[in-house]
Amino acid sequence: MRGPLKSVAGLAVLPVLALVAATAGCSAGGTATDAAPADPAPSASSTSAPVTAYAPYVSAAAASGTDSAGSPTTYNLAFVISSGSGCTPYWNGTQDIDDTTVASRIAGLTASGADVRVSFGGASGDELAATCDTAAELAEAYGTALDAAGATRADFDIEGDDLTDSASVDLRSRAIALLQEERADLEVSFTLPVMPSGLDEDGLALLASANDHGAEVSTVNLMTMNYGESYAGDMGAYALTAAAAANTQLQDVFGLSEEAAWRGMALTSMLGVNDVEGETFTLADAAEVRAFAEEKGIAWVSMWSAFRDRECGEDASADDALTDCSGVEQEDGAFGEAFAG
């Protein structure tokens, strides 16, 4: 997904396999969470099926009038990265991790009872694993950001060069394992690019690294977007095809049942106009993805991003449709409502 943009920057390996982290599913009363439930099935006292949560990506720094559309269960705070050198975490690579403006922003997001997940990485800037020297140093940097946000959930959006850098991939895996030794309640997701054919070799190698180093990760979040010129058709159908292919991969890699692989998955779409010309994700596509996720018991659905969930103005440029608005005809917050179901 895209990294910080303009003034409104904002916008998963189940361990060996993280069924321990996956035990935090729905309560017997049916309360929605965005952690995957355990396998096997819940006890007889549980009377409701798992609830697919809605957890959009939002700017950590700037509020948007469409953040709360759909009443999210969790907000993914984008993004924590390095400033370009050293092992100090910054919001969007520029704002101090303990910035009071961001702290106030997070307090506003959680006032309704929603949770926050700190997202590390993204498509722009340097993920901390590329600039920290040791796993201990990296774990400390991640922990500093989590503490600043008051979060027990960490998302690692790994794409581009960071995904192909095996050294940083392994360093990150070791750091996550160290962090989880200190924080037993830490829930980790990996957000990875996907094609209709599924995860690529680099994504699968990252999952293997996490497994090999004992990192317990609850969810594989698939970026169902930006497929390339060969895919200019139905973006909703492509998302479902990609999810089905990845489900088979997760079964093979981790020895899961089909049901458990669905519950260890999340789906994130880029609403409206995508980065690739010809790719447009519509409100009908969002409703289709939501219905599919509920049917399969997928842990959570998301979008890039809440601050783009509005129609562009008449004088908006093509770049605006990738940063500040959706590029399609819509009511403010309509994608959030569609993804929330």
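Keep in mind it's a predicted model, so treat the numbers as computed, not measured. (Residues numbered from 1 in each chain as written. Predicted model: local features only at pLDDT ≥ 70, side-chain atom pairs only at ≥ 80, totals over all residues. Heavy atoms only, no water.)

A. Representation of the packing of aromatic side chains. Counted by the stated rule, this structure contains 14 aromatic pairs. Note on Tyr 57 and Phe 79: the rings are 6.3 Å apart at their centroids and 40° apart in plane angle, and the pair reads as tilted. Taken as a pair, Tyr 57 in strand β2 (residues 57-59) and Phe 79 in strand β3 (residues 74-81) lie far apart in primary sequence, 22 residues in all. An identical accessibility class is assigned to Tyr 57 and Phe 79; each is buried. Arranged with centres 5.5 Å apart and planes meeting at 85°, the rings of Trp 262 and Phe 292 form a pair that is edge-to-face. On the criterion of sequence distance, the pair formed by Trp 262 in helix α7 (residues 258-263) and Phe 292 in helix α8 (residues 283-296) is long-range, its members being 30 residues apart. Judged by its relative accessible area of 6%, Trp 262 falls in the buried class. Of the residues examined, Phe 292 reaches a relative accessible area of 11% and is grouped as buried. Here a set of aromatic residues connected by ring pairs shows up, and it is made of Tyr 57, Phe 79, Trp 304 and Phe 307. (Phe/Tyr/Trp six-rings, centres within 6.5 Å; stacked < 30°, edge-to-face > 60°. Helix = DSSP H or I, 4+ residues; strand = E, 2+ residues; numbered from the N terminus. Buried < 20%, exposed > 50% of the residue type's maximum accessible area, 1.4 Å probe, protein only.)

B. Structural context of helix α5 (residues 201-212). Taking 1.5 Å of rise per residue, 12 residues should cover 16 Å, and α5 covers 16 Å from first to last C-alpha, within 8% of that figure. Turning to α5, the residues buried within the fold contact α3 (161-164), α4 (166-182), β8 (187-193), β9 (219-224) and α6 (235-254). Its side-chain oxygen 3.1 Å from the backbone nitrogen of Asp 202, Asp 200 forms the N-cap of α5. (Expected span 1.5 Å × (residues − 1). Contact = heavy atoms within 4.5 Å. Polar contact = N/O pair within 3.5 Å; in protein donor to acceptor, adjacent residues only side chain to side chain.)

C. Main features of the state of the cysteines. Under the counting rule described, the total for this entry stands at 2 disulfides. The disulfide bridge from Cys 87 ends at Cys 132, spanning 1.8 Å between sulfur atoms. Around the S-S axis, the bridge from Cys 87 to Cys 132 shows a dihedral of about 95° and counts as right-handed. Taken together, the residues Cys 87 in the loop between β3 and β4 (90-91) and Cys 132 in the loop between β6 (115-121) and α2 (135-149) connect sequence positions 45 residues apart. A sulfur-sulfur separation of 2.0 Å characterises the disulfide bridge that pairs Cys 312 with Cys 325. Here Cys 312 and Cys 325 share a disulfide; its torsion about the S-S bond, 95°, makes the bridge right-handed. Placement of Cys 312 in the loop between β13 (300-304) and α9 (320-323) and of Cys 325 in the loop between α9 and α10 (334-340) is noted, with a sequence separation of 13 residues between them. Residue Cys 312 shares its accessibility class with Cys 325, and that shared class is buried. Here the cysteine-cysteine linkages of the chain are recorded as 1-2, 3-4, numbering only bonded cysteines and doing so in sequence order. (Disulfide = S-S within 2.5 Å.)

Purely spatial values, then, with no claim about function.
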